[in-house]
Structure formats: C-alpha cells, structure tokens
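# Structure at a glance
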Amino acid sequence: MNAENPDRRKFLGKTSAVVAGLAIAPGVFLYTTAHGRAPGEAASGKVRWGMLVDTTRCSSDCKECVVACNKENGLSGGTKATDPQWIRKVELTDKKNGRKLSLPVMCQHCEHPPCVDVCPTNASFRRADGIVLVDRHRCIGCRYCMMACPYKARSFVHETLTDQNPDVPRGKGTVEACTLCVHRLDRGELPACVEACAKTGRRAILFGDLNDPESEISKRIRTVASVQLRADLMLNTGVRYEGM
Amino acid sequence: MKTFLFVLLLAVMPAWAGGSSGPKLDIGKGGQCVEAPEFMRRNHMEILQHQRDETLRKGMRGSKYSLVGCIDCHASSKNNSVLGSNENFCQGCHAYAGVRMDCFECHSSKRKTVAEAGK
C-alpha cells in the first residue's frame, strides 16, 4: 500500500481542471464522464464512483436502504452470522454525552482495498471506475478478503441459492459484497439504496463521481466536513460520512 | 489417434446437425442466433467465457453475446427456464454430451422478464 503521492495528486487535479475546461458552453460538455457509457465501452478510470452519507439525516428506525439492497440483490434479509449482508445499519452512542448516530455501513470501495491485496486468485479486484468487486468465476471461497476488510463488509454464501436476480448472479461457496449496484450503474441508474433513501424523503445518501469537480458529491465534500471510516488506514475510501 | 478422432467427429457431426439423432430440445423462441448454430454448438463456451471477463472485470456491457441473451431466446416456453428436464435447452444437450456446467449454480436459468415479474 503506497502512501499518497503528492505529485500525483497535483497532476490529477490539473488534468481534471483541463477536462472541465473542455466545455463548449456552460453545461454542454464535449463528453460526459458520468452515467451512460456507449455499449461495449469499458469502465473508465476518469470516473471514481463514491457516496456521501449524511448521518444527521439518517435515522435509527429507518432501514429502507437495507431493504432495497436485499430486494435488488436477492438477499434473504436474515442477520444471522451466516446470512449474507451487504449493508448493515450501525448504531453509535458517544458514551461521554449520549449522542446517538445511525449509519449504513457497506463496502467502502477503497482506492487501496486490502481485500484485493490479499486475494490469492485475483478474484477480488477494483474496476477502473473505483468499484471493488468479487469475480466469482475465480473466487475459491478462502475468505481471506473477509479477514482483511476492516469494515466487515464482505459475506460468504453458506447455502445453495435459487432464483437469483438475472442481473446479480450469486452462489454458494463464494464471497460477495456491495457492488454499488454495478448492473444498475452501467444502465445509468442509481444504486438501489440511494434511490430508496431518496424515496423516504431523507436524502441521506449522495451518490456521484468523486473525480468530477462539478459533481454534486464533489462540491459537497469540498464545502462540508466529511470523514472516511478508519481514515488512519489510508485506504482512501469511496464512501464518506458527514455529521459524525 | 487425434486425426482418427477428428475424422470420427466429422462423420458424426452431420448426422447430429441434421437432427436425425441427438437430444430432442425445446429451443424456446429460437430464431436467428448470434452465430451459426454449428459454430455455437462447438464454441458457445469460449464466447461466454470471453464475454464474462470483459463484462465483469472491464465493465463492457451490451455485447451481442451474453448468457442472459442465450436464456432469453432459449428458455422453454413451458417453464421459462433452460433447465428442468432433458428437453430444456441447456440441460438437455449437456446431459446428452455428458458435460457438467456450473453456470446456473450462480446465474439465474430463467428468462429475465419472467424472473423480474416474479419478484
């Protein structure tokens, strides 16, 4: 795991400024880096998908994101140790003053993912646009990645599954985790949890391209204090939290 | 030995392609396939393996080859699946050829529109 290279950051900053300058007119770009790639076009490293969770808007009695995730991806919704869970609602209490927080924790889609480092078969990988996935054609179910993940984000499928969602293949003996709803994203739709959260009116999850300085999420991260969970590990997560 | 097997295969193939022997399959909607049926019989696994890596690892969607596409055309009209009995498209031929396939341990064997309507 390399520490952040300041020169590289500066370079990336400049390039994105140039990209932003390619606009023909305000709001009209020569090309877009966001949704809707042409069919057959590979995911691009110009984009980095990320989420910003506003914990002040998230409530402990709401689990809509978890419910939507389970439905979209065909999870049972069980919470036993052996049940796959892609999003967990975590309740925090500050013991000193009793302040309570509730927040969804899922795969944080790190820039330097420990799960990818340890995978012996290259099944864990990071797609060009920053989404960390498991290639279950290669996964041998060793579960090293589950040990390596500081966020407890990955689950192992213990039981035979039937009637999977055609867009979300899942199977016994492999490890899985939040995919940022990659199948929806590639169609130009938002992840199921983001959509469900917006539907409740809370709008606690903001989703977008962290590399695009004009995206709503980048603007918000520039103006409001946000944190990465376990930032000390320097994984540079794609999921950020504000109001912690 | 290899040449002998190849000649034997050539001798057997036309009979199979002609439909006089081989498994009796419910080909579902059927119609124009993405490649010639003879080509698909021998190479569908290579095509699918190549396509799955491009789609999953690089994110290239919308290829003319896809497992969902196979199922959409070839799922049986009776149970909307490519599995179920030896008349169903995938299962029937694989049972006949004696080749195990792992695809459907993870992938849905049902036609997408039907699988989604059932949720």
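See the structure printed just above.
What you are looking at is a predicted structure, and each value in this text was computed from that prediction instead of being measured. Position numbers for residues count from 1 along each chain, tracking the sequence in the order it is written. To read the labels, note that chains go from A and ligands from 1, taken in the order they are written. Per-residue local features are limited, in this predicted model, to residues with pLDDT of at least 70; the limit for side-chain atom pairs, both in listing and counting, is 80 or more; totals at the level of whole chains, interfaces and linings are taken over all residues.

## Examining the overall build of chain B
Just so we agree on the cut-off: Here a strand is any run of E in DSSP of at least two residues, a helix any run of H or I of at least four, and the numbering for each starts at the N terminus. Put plainly, a residue is buried at 20 or more neighbouring C-beta atoms within 10 Å of its own, exposed at 12 or fewer, and partly exposed in between, counting only other residues' C-beta atoms, which are placed from the backbone. By definition, residue pairs are in contact when their C-beta atoms, positioned from the backbone, come within 7 Å.
Scanning chain B for helices and strands turns up six helices and zero strands. Of all 119 residues assigned to chain B, the portion counted as buried reaches 21%. Long-range pairs, those at least 24 residues apart, make up 54% of the contacts in chain B between residues at least 6 apart in sequence.

## Observations regarding the nonpolar core
In plain terms, the rule: In these notes, a nonpolar core means any group of buried Ala, Val, Leu, Ile, Met, Phe, Trp, Tyr and Cys residues linked to one another through C-beta atoms within 7 Å.
One finds Val53(A), Cys65(A), Cys69(A), Ile87(A), Cys178(A), Cys193(A) and Ile205(A) to be the most contacted residues of the largest nonpolar core, which totals 47 residues. Elements that contribute at least two residues to this core include exactly β3 (49-54), α2 (64-73), β7 (132-134), α5 (182-185), α6 (192-199), β10 (205-209) and β12 (239-242) of chain A. No other element matches the five residues that α6(A) contributes to this core. Filtering out sequence-adjacent residues up to four positions away, Cys193(A) remains in contact with Cys65(A), Ala68(A), Cys69(A), Ile87(A), Pro104(A) and Ile205(A). In terms of nonpolar packing, the next biggest core, distinct from the first, is built from ten residues, Cys70(B), Ile71(B), Ala75(B) and Val82(B) among them.

## Some details on the interface of chain B and chain A
Rules: The residue classification treats Ala, Val, Leu, Ile, Met, Phe, Trp, Tyr, Cys and Pro as nonpolar and Asp, Glu, Lys and Arg as charged. All others, Gly included, are polar.
Counting residues at the interface gives 17 residues for chain B and 20 residues for chain A. Mapped onto the side of chain B that touches chain A, the elements with two or more residues apiece are α2 (37-58), α5 (103-106) and α6 (112-117) of chain B. Residue contributions to the side of chain B that touches chain A peak at four residues, all from α2(B). Considered class by class, the residues forming the side of chain B that touches chain A number five nonpolar, five polar and seven charged.

## Considerations on the sheet that holds strand β11 (residues 226-227) of chain A
All names here are of chain A. This is how the line gets drawn: Strand pairing is assigned whenever DSSP identifies at least 2 bridges connecting the two strands. Between N-to-C directions, angles cover 0 to 180 degrees, with each direction set by a line fitted to C-alpha atoms, over the stretch in contact for helices.
Within the open sheet, the four strands sit side by side as β10-β3-β12-β11. Their pairing is mixed. Only two strands of the sheet have a single neighbouring strand rather than two, namely β10 and β11. In the sheet, β3 pairs with β10 via five bridges, with the strands oriented antiparallel. Within the sheet, the bridge partner assigned to Met51 lies in β10 and is Phe207. Docked against the sheet, helix α7 (residues 216-223) engages β3, β10, β11 and β12, running at close to 110° with respect to β10.

## Quick word on the packing of α2(A) against α6(A)
All names here are of chain A. Rule in force here: For classification purposes, an angle smaller than 35 degrees is called roughly parallel, one larger than 145 roughly antiparallel, one from 65 to 115 roughly perpendicular, and anything else oblique. Each crossing is labelled by how the near helix is turned from the far one, with a counterclockwise turn of less than a right angle marking it left-handed and a clockwise turn marking it right-handed.
Two elements in contact, α2 and α6, have axes separated by 8 Å at closest approach and are oriented at 140°. Between α2 and α6, the interaxial angle falls into the category oblique. Between α2 and α6 lies a crossing whose hand is right-handed. Contacts between α2 and α6 involve Glu64, Cys65, Val67, Ala68, Cys69 and Glu72 from the former and Ala192, Cys193, Glu195, Ala196 and Cys197 from the latter. Per-class residue counts for the contact of α2 with α6 are eight nonpolar, no polar and three charged.

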